[in-house]
There are 2 protein chains.
Amino acid sequence: MNFADLKPSELRREIRAGCWRSPTAGLAPGYVQANLVVLPKRDAFDFLLFAQRNPQACPVIDVTDPGSPVPERVAPGADLRTDVPKYRIYRQGILEAEVTEITAYWREDLVAFLLGCSFTFESALMAAGIPVRHIEEGKNVPMFITNRQCVPAGIFRGPMVVSMRPIPVELVVRAVQVTSRFPGVHGAPVHLGNPQQIGITDLSKPHFGDAVSVRPDEIPVFWACGVTPQAVAMEAKPELMITHAPGHMFITDLKDEELSIF
Amino acid sequence: MNFADLKPSELRREIRAGCWRSPTAGLAPGYVQANLVVLPKRDAFDFLLFAQRNPQACPVIDVTDPGSPVPERVAPGADLRTDVPKYRIYRQGILEAEVTEITAYWREDLVAFLLGCSFTFESALMAAGIPVRHIEEGKNVPMFITNRQCVPAGIFRGPMVVSMRPIPVELVVRAVQVTSRFPGVHGAPVHLGNPQQIGITDLSKPHFGDAVSVRPDEIPVFWACGVTPQAVAMEAKPELMITHAPGHMFITDLKDEELSIF
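The shown structure was predicted, so the numbers you read here are calculated from the model rather than taken from an experiment.

Draft legend 1. Structural context of the relation of the copies chain A and chain B. Under the fitted operation, chain A is carried onto chain B by 0.0 Å of movement along the axis and a turn of 180°, and the coordinates agree to an RMSD of 0.0 Å. These values place the two chain copies in the arrangement generated by a two-fold rotation axis. Among all residues of chain A, the one whose C-alpha sits closest to the rotation axis is F45 of chain A, at a distance of 2.5 Å. In this assembly the copies share their binding face: 100% of the residues contributing to the interface of chain A also contribute to that of chain B.

Draft legend 2. Representation of the interface of chain A and chain B within the structure. Listed per partner, the contact involves 21 residues of chain A and 21 residues of chain B. Both faces considered, chain A and chain B share a buried interface measuring about 1,700 Å² in area, 66% of it formed by carbon and sulfur atoms. Contact with chain B buries surface across chain A, with F45, Q52 and R53 of chain A losing the most and accounting together for 34% of the total. Across the pair R53 of chain A and D65 of chain B runs a salt bridge, and its minimum N-O distance is 3.1 Å. Taken together, the residues of the side of chain A that touches chain B sort by class into 12 nonpolar, 4 polar and 5 charged.

Draft legend 3. Geometry of the domain arrangement of chain A. All names here are of chain A. The assigned domain composition of chain A is domain 1 (3-117 + 229-259) and domain 2 (119-228). Of note, the centres of domain 1 and domain 2, computed from C-alpha atoms alone, are 22 Å apart. With 29 residues of domain 1 at the interface, the matching set in domain 2 holds 26 residues. Buried surface at the junction of domain 1 and domain 2, summed over both partners, amounts to about 2,400 Å²; 62% is from carbon and sulfur atoms. The largest contributions to the domain 1 side of the interface with domain 2 come from Q56, C117 and L259, which together make up 25% of the buried area. Inspection of the domain 1/domain 2 interface yields 1 salt bridge. One salt bridge in this structure joins R181 and E257, with 3.2 Å as the shortest N-O distance. Counting across the domain 1 and domain 2 interface gives 13 residue pairs in polar contact (both at pLDDT 80 or more). Looking at the side of domain 1 that touches domain 2, the elements that each hand over two or more residues are strand 1 (31-40), helix 2 (41-53) and helix 6 (227-236).

Draft legend 4. Spotlight on the pattern of salt bridges. Summed over the entire model, instances satisfying the criterion amount to 30 salt bridges over all chains. Here E239 of chain B makes a salt bridge to R107 of chain B, at a shortest N to O gap of 2.7 Å. Here E239 of chain B, found in the loop between helix 6 (227-236) and strand 10 (240-244), pairs with R107 of chain B, found in the loop between strand 4 (94-99) and strand 5 (110-116); they are 132 residues apart in sequence, far enough to count as distant. The class of E239 of chain B is partly exposed, set by a relative accessible area of 32%. Judged by its relative accessible area of 26%, R107 of chain B is partly exposed. Notably, a salt bridge pairs K139 of chain B with E137 of chain B, separated by 3.4 Å at the nearest N-O pair. For E137 of chain B, a relative accessible area of 27% puts it in the partly exposed group. Put simply, R107, D109 and E239 of chain A are held in one network by salt bridges that share partners.

Draft legend 5. Highlighting the sheet that holds strand 9 (residues 218-224) of chain A. All names here are of chain A. Pairing in this open sheet of 4 strands is antiparallel, and the strands run 6-7-9-8 from one edge to the other. The two strands at the open ends of the sheet, each matched to only one other strand, are strand 6 (143-149) and strand 8 (191-192). The pairing of strand 8 with strand 9 spans 2 bridges and is antiparallel. By the bridge assignment, L192 is partnered in strand 9 with V221.

Draft legend 6. Just the packing of helix 3 (residues 119-127) of chain A against helix 5 (residues 172-180) of chain A, in detail. All names here are of chain A. At a minimum axis separation of 9 Å, helix 3 and helix 5 run at an interaxial angle of 135°. It follows that helix 3 is oblique to helix 5 by the angle criterion. Judged by the sense of rotation from one axis to the other, the crossing of helix 3 with helix 5 is right-handed. For the pair helix 3 and helix 5, the contacting residues are F121, A124 and L125 in the first and A175, V178 and T179 in the second. When grouped by side-chain class, the residues that make up the contact of helix 3 with helix 5 number 5 nonpolar, 1 polar and no charged.

The rules behind these values
Residues numbered from 1 in each chain as written. Chains lettered and ligands numbered in written order. Predicted model: local features only at pLDDT ≥ 70, side-chain atom pairs only at ≥ 80, totals over all residues. Heavy atoms only, no water. Least-squares fit on C-alpha atoms with pLDDT ≥ 70 in both. Contact = heavy atoms within 4.5 Å. Buried area = accessible area lost by both parts, 1.4 Å probe. Salt bridge = Lys/Arg side-chain N within 4 Å of Asp/Glu carboxyl O. Nonpolar A, V, L, I, M, F, W, Y, C, P; charged D, E, K, R; others polar. Domains from an automatic or database assignment. Polar contact = N/O pair within 3.5 Å; in protein donor to acceptor, adjacent residues only side chain to side chain. Helix = DSSP H or I, 4+ residues; strand = E, 2+ residues; numbered from the N terminus. Buried < 20%, exposed > 50% of the residue type's maximum accessible area, 1.4 Å probe, protein only. Pairing = 2+ DSSP bridges. Axes fitted to C-alpha atoms, helices over the stretch in contact; angles between N-to-C directions. Parallel < 35°, antiparallel > 145°, perpendicular 65-115°, else oblique. Left-handed = near helix turned anticlockwise from the far one by under 90°.

Okay, here's the thing in C-alpha cells:
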C-alpha cells in the first residue's frame, strides 16, 4: 500500500488499525496536521485562555466537547483516542508512558485541543519558491527557548519557544507575506535577524531539533513554535496530560488553504 | 471639557466619576472600543469555546483572570466594574437592571470577556474612502438574524447575527481587503449580495438598529455582528450575565492599527 496516496480518513483508519506507527511528515500532502494536547476540564479553561492570549504560539484549530474524543469541526469521523500514531501520557508533568492508543486513559472530563503545526506554512513557503533548509537537509527544524515570556493564564506560564528558518535576504519580505496569511498555524514571524535580541546565544546549538546551516546571504527568521504549549503545560504539572509523540501528528480533513485568511 | 480630545485613560476616569453616561461612538478616535460580557467561571469555558469556534462573530480581544476586573492586556489601569458608562444585569436571561457601575454585583468567580466591535473596521473603511451609510445617515447600523447557525459550545448556541453595509459595487473588493486585515474585529464579510441566501427577507426591516438606504449601484455586504454572542448568551439563560448597555462600550488603550494583522 502506498500510504502517501491515502486520504486523511483512510490514513486515520490505517493508524487506528495499527498499520502506521511512524511520524506523519509527508502524509496527506495539502491537508492540515495538528498537535494534540488533552487535559482534564478543570485545567481546560486556563489552557484555552492561555492559547487565546498567545495565539502565535498556540493556534487553536479545534477543541472537543468535554468527554468527546471526536473533533467535530476538522475531522467529524475521527476518534482522537485511536487515530494518532503515538501518544505520550504525563502525570504531574512526568512522562509515564508512550502508547499507540489511549482508550484506557480516556475519561468523561477530558478535553482535547488540536493546535496548528508548521507543516502547513512550510508547504506555503515552498510553493512560493522559498527554501526550507531543514527539509532540504533532511533534519528536524531547529527550536530555541527565548527570553520572551508568554502571557500567563492560571497555572500556565513560561517562555516562548521558536523555530528558526534561514531565509535568503531577498526572499524575507515574501516569507513574511506568505506566513501572515496563516495565523491559524503560527502566522507571521515573531523575530528576524540578531538571535541575541530574543535571548538566543548560539544558533548552532538548538534546544530541540537539529542545527541547520545558515549561509552568509541569509537572515535567520523565527516563528512561534507549537512546542511552546506542550512545554508550558508540562511545566504546569497538571494531574493528567496526554499529547501526541513528537512528529506523530493528528491528520485532519481540513485543507491547508482553508486555514488561509485570504 | 471637550470629551472628544481625551485619551482612553482620561475618558475612563471621567466615566468612573459618573461624568459621562452616554454612548461612546466617536470618543477616543483611533482606539479600540469593546463589547463586554461577564459570566460566572462555571459558564466561562463554554463561552470561550463558543468564541473560539465562531471567531468572526465573537472576536475575543481580552479575557480577565477569574475574579479580576482588570483587563491586563488592553487597559492595565482600568476597572471593568466602573469604567463602562452603562451596564445591563441579566439573571437566567431576564434583564433585571440597568446600572452605571457593577461593584455591588462583582464576585470572585466572575470572568469578563472583551469582544471586538465594528467601530474599528468602520474607521478603516472610511480611511480607505469607502462610505459607511448608517454613519452618513446618522443611524444605528442595521442588524439581521440569519439562517446560519453558529457552531454550538456547551449551553451556548443560536443563529449568527449580521450587520449590513451597502457598498458601491466598484468598492466591494476593496472593502473585503480592508476588513480582512482586522480578524480581531469581525474580519472579512460573511456574505455579499442576495440577502435571501442567508435568510433575510426584507432589508428595510432590520431585527435590530435602523434601516438605511441601498442605492441601485450598491451591493449589500454582511459582516458577523457582535450582537451574536450577547443574543446567544441571553438565550442560554446563565445564572448571571452582565453586559455593557448597547452603544456604551469599554474604551481600551489599544490602537485600531494594533488589531491589524498586517
